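Structural overview for review
Listed below, chain by chain, are the residues.
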Amino acid sequence: QVQLVESGGGLVQPGGSLRLSCAASGFTFSSYAMRWYRQAPGKERELVARIGSAGGSTNYADSVKGRFTISRDNAKNTVYLQMTSLKPEDTAVYYCNAAVAPWTWGQGTQVTVSS
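To keep things clear, this report deals only with the structure shown in the data block. (Residues numbered from 1 in each chain as written. Predicted model: local features only at pLDDT ≥ 70, side-chain atom pairs only at ≥ 80, totals over all residues. Heavy atoms only, no water.)

1. A look at the sheet that holds strand β6 (residues 58-60)
Taken together, the 6 strands give an open sheet; going across it, the order is β2-β10-β9-β4-β5-β6, and neighbouring strands pair in mixed fashion. Looking at which strands have only one partner, the edges of the open sheet turn out to be β2 (10-12) and β6. Neighbouring strand axes in the sheet, compared pairwise and without regard to direction, differ in orientation by 25 degrees on average. Where strand β4 (residues 34-39) and strand β9 (residues 92-98) come together, 6 bridges link them in antiparallel fashion. When the bridges of β9 are listed, Met 34 appears paired with Ala 98. (Pairing = 2+ DSSP bridges. Helix = DSSP H or I, 4+ residues; strand = E, 2+ residues; numbered from the N terminus. Axes fitted to C-alpha atoms, helices over the stretch in contact; angles between N-to-C directions.)

Laid out in structure tokens, this is it:
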């Protein structure tokens, strides 16, 4: 079955950077789009970024455009989220999601932006 394991979160000061990773298994990774979502305390889960199966097509939420970059390595079955110029409002649990099984979620990785 589809399995997603996120990593790379942590505590970072405003203006800092982090790179999140999501290792996927259980499906043909290179055939499906991947997405990153986040959920802040007391808020609904929101879509942050999406990348097409070959990596050539990307989309971002307006709130992260120009600061976050989604990428993927199909040889490693891994999708990444490079986050720069982090703000306190980016604090959330970050999840990756596969288009092949959008009901499947990993455990997420906590990102906390605070001084």
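Once the structure has been displayed, the description carries forward.
2. Quick look at the nonpolar core
Within the largest apolar cluster, 30 residues are counted, with the highest numbers of intra-cluster contacts made by Trp 36, Val 79, Leu 81, Met 83 and Tyr 94. For this core, the elements supplying multiple residues, two or more each, are β3 (18-25), β4, β5 (46-51), β7 (68-73), β8 (78-83), β9 and β10 (109-113). (Core = buried A, V, L, I, M, F, W, Y, C linked by side-chain atoms within 4.5 Å. Buried < 20%, exposed > 50% of the residue type's maximum accessible area, 1.4 Å probe, protein only.)

3. Things to note about the side chain of Thr 91
Note on placement: Thr 91 falls in the loop between β8 and β9. A distance of 2.9 Å separates a polar atom in the side chain of Thr 91 from the backbone oxygen of Pro 88. In this structure the side chain of Thr 91 is engaged in a polar contact, spanning 2.9 Å, whose partner is the backbone nitrogen of Val 113. When residues no more than four places from it in sequence are discounted, the contact partners of Thr 91 are Ala 40, Gln 110, Val 111, Thr 112 and Val 113. (Polar contact = N/O pair within 3.5 Å; in protein donor to acceptor, adjacent residues only side chain to side chain. Contact = heavy atoms within 4.5 Å.)

4. Topic: the pairing of strand β1 (residues 3-7)
Here β1 shows a clear split, with Leu 4 and Glu 6 buried on one side and none of Gln 3, Val 5 and Ser 7 buried on the other. For β1 and β3, the ladder comprises 5 bridges, and the chain directions are antiparallel. Directly across from Val 5, in β3, lies its bridge partner Ala 23.

5. A word on the sheet that holds β7
The sheet built from 4 strands is open, its strands ordered β1-β3-β8-β7 with antiparallel pairing. Edge positions in the sheet fall to β1 and β7, since each of these pairs with one other strand and no more. The mean inter-strand angle of the sheet, taken between neighbouring strand axes irrespective of direction, is 15 degrees.

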